[in-house]
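# Summary of the model geometry
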Amino acid sequence: MYTQGLDQAGKDKQAVAENADSLNAFQKRVDAEEKIEAKDWMPEAYRRTLIRQISQHAHSEIIGMQPEGNWLTRAPSLKRKAILLAKVQDEAGHGLYLYSAAETLGVSRDEMVGDLLSGKAKYSSIFNYPTLSWADIGAIGWLVDGAAIMNQIPLCRCSYGPYARAMVRVCKEESFHQRQGFDIMLTLCRGSDEQKAMAQDALNRWWWPSLMMFGPNDSESRHSAQSMAWKIKRFSNDELRQKFVDVTVQQAEFLGISVPDDDLRLDEETGHYSFGEIDWQEFIDVIAGNGPCNKQRIEKRRAAHNDGAWVREAAQAYASKQASQAA
Amino acid sequence: MSKQEWPLYEVFIRTKSGLSHRHAGSLHAADDQMALDNARDTYTRRSEGVSLWVVRSNSIIASDPAETSAFFEPAEDKIYRHPTFYEIPDGVENL
């Protein structure tokens, strides 16, 4: 059950102290592939790691509505517009599933939203890049959602039950997102030279940022080992990135556009593509808030939150009035 | 500005007639009607249900996971409640 009230009741009588025995017992449950549920005892670091990861994930979904929302009024047809609207609405839904899952760990919705608006909380670096043409909407669905799926499918088996269940819902819907993106790319690539050039340009700009979505190389990743032991994470950043490159390069070939990497080679022996070095300085800069759109994204989110304040207040006032009349 | 967080609701969906409602997740809403509307938009965008329940989270009484073994212990030693407890001799049919 997802209730916060129950979490709080549990806190008053935190019966089990965090010591070697309780930590071992917890690890045993995880190793046995038992799911950990909201009110179960868990190490504080496990709880904190999950709150950080799930809330960042939720924030990414919410901020992720902006780059695509940018093209809602300019979609090339009514069909494309309806599809894009549905996709952006899904992103909002994903944010809500994930906020709910994070709340089961004892953090409040207001706290998480506050951290996003204040700039304290991070979200995926990818959403700090601009959507300059309609082809970018195709590239986002195909590449960004494609990369997200690679990351998210293993999360459906995450040791924390509420997160795993939320991810099952998310993954079911992501598949539509990726296909609609590929469909946009395919239409452009089968179109005029100018349209194909748009698709190539979008791939050029979104390829490397998409590879960065998997996070730092395994040798540099701070949280990986512990998250793997806790079965929050199932595959390493580099493993997932490799998988993404392997499937996506073939799709690019089908589209007839080229991946912007001179070092890209198919290794006949392993069957995997080797690829060039990622510009990690760019990744660090974007995470640090200096990407092309970081400021704009947060400002827009803040404005939306502030502009909606009167609606929240009115709804609250109406609910209070109804309740007092019923009493 | 009111800083009060909207109450939390749990959402239950019946996917089709003949099946029980099943917990789907939770959401915040100012009142019951908004909870129902938001549940529809959040959890049934792809026709996942034919019926929705929303219930204020603080109305749910739940067992305590720390007490799980003690709480369910009375059922543990009553293996005779299961049909497999009984040995049926060969030759007895339809039992």
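Scroll up a little and you will see the structure.
As the structure is a computational prediction, the values presented were derived from the model and not from experiment. (Residues numbered from 1 in each chain as written. Chains lettered and ligands numbered in written order. Predicted model: local features only at pLDDT ≥ 70, side-chain atom pairs only at ≥ 80, totals over all residues. Heavy atoms only, no water.)

## Topic: the nonpolar core
Residues and elements named next belong to chain A. Counting 91 residues, the largest nonpolar core has Y46, L50, I54, Y160, Y163, W206 and W207 as its most contacted members. Residue contributions to this core peak at eleven residues, all from helix α7 (residues 134-152). Discounting residues that sit within four places of it in the chain, W206 has contacts with I126, Y129, P130, T131, D136, A139, I140, L143 and V144. (Core = buried A, V, L, I, M, F, W, Y, C linked by side-chain atoms within 4.5 Å. Buried < 20%, exposed > 50% of the residue type's maximum accessible area, 1.4 Å probe, protein only. Helix = DSSP H or I, 4+ residues; strand = E, 2+ residues; numbered from the N terminus. Contact = heavy atoms within 4.5 Å.)

## Focus: the interface of chain A and chain B
Across the boundary between the two partners, chain A contributes 29 residues, which contact 30 residues of chain B. Buried area between chain A and chain B, summed over both chains or domains, comes out near 2,500 Å², and the portion from carbon and sulfur atoms is 53%. Summed over the shared surface of chain A and chain B, the result is four salt bridges. Notably, a salt bridge pairs B:R45 with A:E173, separated by 2.8 Å at the nearest N-O pair. Run the count over chain A and chain B and you get 13 residue pairs in polar contact (both at pLDDT 80 or more). (Buried area = accessible area lost by both parts, 1.4 Å probe. Salt bridge = Lys/Arg side-chain N within 4 Å of Asp/Glu carboxyl O. Polar contact = N/O pair within 3.5 Å; in protein donor to acceptor, adjacent residues only side chain to side chain.)

## Concerning the state of the cysteines
Residues and elements named next belong to chain A. Counted by the stated rule, this structure contains zero disulfides over all chains. You can see C158 has no disulfide; the closest cysteine sulfur is in C156, sitting 9.6 Å from it. Residue classification places C158 among the buried residues on the basis of a relative accessible area of 0%. (Disulfide = S-S within 2.5 Å.)

## Points about the environment of A:I257
Residue and element names in this part refer to chain A. Position of I257 relative to the elements: it lies in the loop between α11 (237-255) and β1 (265-266). Since its relative accessible area comes to 5%, I257 is described here as buried. Sequence separation of I257 and K196 is 61 residues, and the distance between their C-alpha atoms is 8.0 Å.

## Thoughts on the environment of A:A148
Residues and elements named next belong to chain A. As for its position among the elements, A148 is in helix α7. On the basis of relative accessibility, which here comes to 11%, the residue A148 falls in the buried class. A C-alpha to C-alpha distance of 14 Å links A148 and G95, two positions 53 residues apart in sequence.

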